[in-house]
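# Summary of the model geometry
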Amino acid sequence: MSGGGVKGSYEAGVLYGMYNAEQTDKSKFAYDFVSGVSAGSINAGALSMFEKGDEGNAFSNLSDTWANAKTENIYKNWWPF
């Protein structure tokens, strides 16, 4: 998965949307391994917590996590550092 700030939330939304599309063959979303850089590594880490075959719950959890993310839960300004 790629990195780059807001791309992480975009990736989560795309995975969720594609998986839940009416004409989607769910078996095509099964994965053997995941990897990522930057925000993509956050997504890869989240996906790795779910067993193969549980992609629906994985994508739903990932999408919900990004949808409810708030700056104060991610970033803390350690002034004066």
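In this report, we go over the structure that sits alongside the text. (Residues numbered from 1 in each chain as written. Predicted model: local features only at pLDDT ≥ 70, side-chain atom pairs only at ≥ 80, totals over all residues. Heavy atoms only, no water.)

Okay, the side chain of E55 next. Considering the arrangement of structural elements, one finds E55 in helix α3 (residues 55–67). Among buried charged residues, E55 stands out as having no salt bridge; its nearest opposite-charge side chain is K52, 7.1 Å away. Reaching out from E55, the side chain makes a polar contact with the backbone nitrogen of G53 at a distance of 2.9 Å. (Helix = DSSP H or I, 4+ residues; strand = E, 2+ residues; numbered from the N terminus. Buried < 20%, exposed > 50% of the residue type's maximum accessible area, 1.4 Å probe, protein only. Lys, Arg positive; Asp, Glu negative; His and termini not counted. Salt bridge = Lys/Arg side-chain N within 4 Å of Asp/Glu carboxyl O. Polar contact = N/O pair within 3.5 Å; in protein donor to acceptor, adjacent residues only side chain to side chain.)

This part covers the pattern of salt bridges. Where charged atoms of side chains with opposite charge meet at close range, the side chains can pair. Applying the stated rule across the entire model yields 1 salt bridge. Salt-bridge contacts for D32 lead to K52; the nearest nitrogen and oxygen are separated by 2.6 Å. Taken together, the residues span a long stretch of sequence, with D32 in the loop between α1 (7–19) and α2 (39–47) and K52 in the loop between α2 and α3 at a distance of 20 residues. For the pair D32 and K52, one class covers both residues: exposed.

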